[in-house]
Amino acid sequence: MSRSRAGDDGLERVIAFVEDAVPFEPGYYNEAYLGRRIAARMQRRDAADHDEYLGVLRDDDDEREALLDALTVNVTGFFRDPDMWADLRPVLRELSTERRRVNAWSAPCSDGREPYSLAMLAADDDEVTERRVDILATDISEPAIAAARAGVYETTRTTDIGAELGPLSEYEPYVEEDGTRFRVRDRIKQRVTFETHDLIRDGPKSDVDLLFCRNLLIYIDGAYKEPLFETLTASLGEGGYLVVGKTETVPPGCRGAFEPVAKRSRIYRYVGAD
Ligand SMILES: C[S@@+](CC[C@H](N)C(=O)[O-])C[C@H]1O[C@@H](n2cnc3c(N)ncnc32)[C@H](O)[C@@H]1O
């Protein structure tokens, strides 16, 4: 995918190299984001400018690997943005009361903590019929999907898994804790199906009642936002709900189709095309 943007020629050359030599599609992402990630790697490698860094990339397989890692933002967490999860409870209660099945889709799901949070919320809330909730969880990254299927998370210096699970009344029924390691129990795993899926290239799903598309739009180049939203819109069933990330918005061209339910939490109801 070629990009013709005004800007730094050196950065354009690095991006062109990434396009050819690294299994990553830079064309999807906005240049400010790509520039920041590449600058961070340049600093790590003491490269004075983009052309010097290009030389490092050409000679060093490990650096290509490290750059791929830096470009793929997998940051996630259980109950990320707890206020959103609090606002979601009544929505989930209503869906599980009114519908025989609640089809949820977490896209992108990263290492699985977002769809597992939903499965745990359904199990934890007495007013939600847990067995009615089916969750599909997808991501473009195969390693992310493999980690999600494994469902094992480690508390580290920077990630406190027990604290992330704080919004639940108790977490022992849903995860098995072994020192710093937390293993998601089968009761929760069985609610979630994982698969790889590219939200820009692959087609929509159908009859989704609750769709999470959080913390991907911020990285996506403007030109891809509306096509991505068309995929989301085509996937939603009538009266379905959409949740985007805390700092994300519905693009202007699609706003008529969505009614805010909880504005601060970015939960919207799909009311159909204009
Ligand atoms: C920051 S994570 C968001 C995870 C989760 N939704 C959350 O908010 O915590 C972004 C994810 O988007 C995935 N991704 C990037 N481009 C994608 C695409 N075109 N289609 C599907 N997933 C994509 C990445 O692999 C990464 O796991």
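Fair warning: this is a prediction, and the values are worked out from it, not measured in the lab.

1. Re the site of the ligand
Stage number 1. By nearness alone, 20 residues border the ligand, and Y29, T76, P108, D139 and N215 come closest of all.
Stage number 2. Separating a nitrogen atom of the ligand from a backbone N or O atom of P108 is a distance of 2.8 Å.
Stage number 3. In the environment of the ligand, a nitrogen atom lies 3.0 Å from a nitrogen or oxygen atom belonging to the side chain of E114.
Stage number 4. Out of a free accessible area of 610 Å², the ligand has 98% covered by protein chains.

2. Thoughts on the packing of helix α3 (residues 50-59) against helix α4 (residues 61-71)
Stage number 1. Relative orientation of the contacting elements α3 and α4 amounts to 110 degrees, with a least axis distance of 5 Å. The angle between the axes of α3 and α4 places the two elements in the roughly perpendicular class. Residue-level contacts link Y53, V56, L57, R58 and D59 of α3 to D61, E63, R64 and L67 of α4.
Stage number 2. Split by residue class, the contact of α3 with α4 holds 4 nonpolar, no polar and 5 charged.

3. Here we look at the domain arrangement of the protein chain
Stage number 1. If you check the domain split of the protein chain, you get domain 1 (9-71) and domain 2 (82-270).
Stage number 2. Spacing between the C-alpha centres of domain 1 and domain 2 amounts to 31 Å.
Stage number 3. Each partner contributes residues to the interface: domain 1 has 6 residues there, and domain 2 has 10 residues.
Stage number 4. When domain 1 packs against domain 2, close to 720 Å² is buried across both sides, 52% of that on carbon and sulfur atoms.
Stage number 5. Of the residues contributing to the side of domain 1 that touches domain 2, the split by class is 3 nonpolar, 2 polar and 1 charged.

4. So, helix α6 (residues 113-124)
Stage number 1. Relative to the 16 Å expected for 12 residues at 1.5 Å per residue, α6 spans 16 Å between its end C-alpha atoms, a close match to the ideal helical length.
Stage number 2. Burial analysis of α6 places 12 of its 12 residues in the buried class, which makes it a mostly covered element.

5. Let's talk about helix α7 (residues 142-150)
Stage number 1. Taken as a whole, α7 has its buried residues at A144, I145 and A148. Down the axis of α7, the buried set is contained in an arc of 95 degrees. They therefore lie on one face. Structural note: α7 exposes E142 and P143 on the side pointing more than 90 degrees away from its buried face.
Stage number 2. The inward-facing, buried residues of α7 abut α6, β2 (133-139), β3 (152-154) and β6 (192-196).
Stage number 3. A side-chain oxygen of the first residue of α7 lies 3.0 Å from the backbone nitrogen of A144; this N-cap is S141.
Stage number 4. At the C-terminal side of α7, G151 shows a positive phi close to 65 degrees.

6. Concerning the sheet that holds β2
Where strands meet in a sheet, backbone hydrogen bonds hold them as pairs that are either parallel or antiparallel.
Stage number 1. Taking strand neighbours across the sheet as the criterion, the 7 strands line up as β6-β2-β1-β7-β8-β10-β9 in an open arrangement whose pairing is mixed. In the strand order of this sheet, the two ends are held by β6 and β9 (258-262), each with one partner. Ignoring which end each strand starts from, the neighbouring axes of this sheet average 20 degrees apart.
Stage number 2. As paired elements, strand β1 (residues 102-106) and β2 share 5 bridges and run parallel to each other. Residue pairing for β2: A104 is matched across the bridge by I135.
Stage number 3. Its contacts with the sheet put helix α5 (residues 82-98) on β1, β7 (208-213), β8 (236-244), β9 and β10 (267-270), and the angle it makes with β7 is roughly 165 degrees.

7. A short note on unusual backbone geometry
Stage number 1. Cis geometry marks the peptide bond from A107 to P108; its omega dihedral reads 5 degrees.
Stage number 2. The topology assignment puts P108 in the loop between β1 and α6.
Stage number 3. In this structure, S110 is a non-glycine residue whose phi angle is positive, near 50 degrees.
Stage number 4. Residue placement: S110 occurs in the loop between β1 and α6.
Stage number 5. Classification of S110 by relative accessible area gives buried; the value is 8%.
Stage number 6. If you check the backbone angles, R266 has positive phi at about 60 degrees while not being a glycine.
Stage number 7. Following the sequence through the fold, R266 ends up in the loop between β9 and β10.

8. Some thoughts on the pairing of β7
Stage number 1. By the criterion of burial, β7 is predominantly enclosed, with 6 of the 6 residues buried.
Stage number 2. Of the strand pairs in this sheet, β1 and β7 are connected by 3 bridges, and their pairing is parallel. Residue pairing for β7: A104 is matched across the bridge by L210.
Stage number 3. Here β7 runs beside β8; their pairing, made up of 5 bridges, is parallel. The residue of β8 that forms the bridge with F212 is V243.
Stage number 4. What joins β7 to β8 is helix α10 (residues 222-235), and the crossover it makes is right-handed.

Each value, and the rule that gives it
- Residues numbered from 1 in each chain as written.
- Predicted model: local features only at pLDDT ≥ 70, side-chain atom pairs only at ≥ 80, totals over all residues.
- Heavy atoms only, no water.
- Near = heavy atom within 4 Å.
- Polar contact = N/O pair within 3.5 Å; in protein donor to acceptor, adjacent residues only side chain to side chain.
- Areas by Shrake-Rupley, 256 points an atom, 1.4 Å probe, with all protein chains shown as cover.
- Axes fitted to C-alpha atoms, helices over the stretch in contact; angles between N-to-C directions.
- Helix = DSSP H or I, 4+ residues; strand = E, 2+ residues; numbered from the N terminus.
- Parallel < 35°, antiparallel > 145°, perpendicular 65-115°, else oblique.
- Contact = heavy atoms within 4.5 Å.
- Nonpolar A, V, L, I, M, F, W, Y, C, P; charged D, E, K, R; others polar.
- Domains from an automatic or database assignment.
- Buried area = accessible area lost by both parts, 1.4 Å probe.
- Expected span 1.5 Å × (residues − 1).
- Buried < 20%, exposed > 50% of the residue type's maximum accessible area, 1.4 Å probe, protein only.
- Arc of directions from axis to C-beta.
- Pairing = 2+ DSSP bridges.
- Right-handed = clockwise from strand over helix to strand, strands pointing away.

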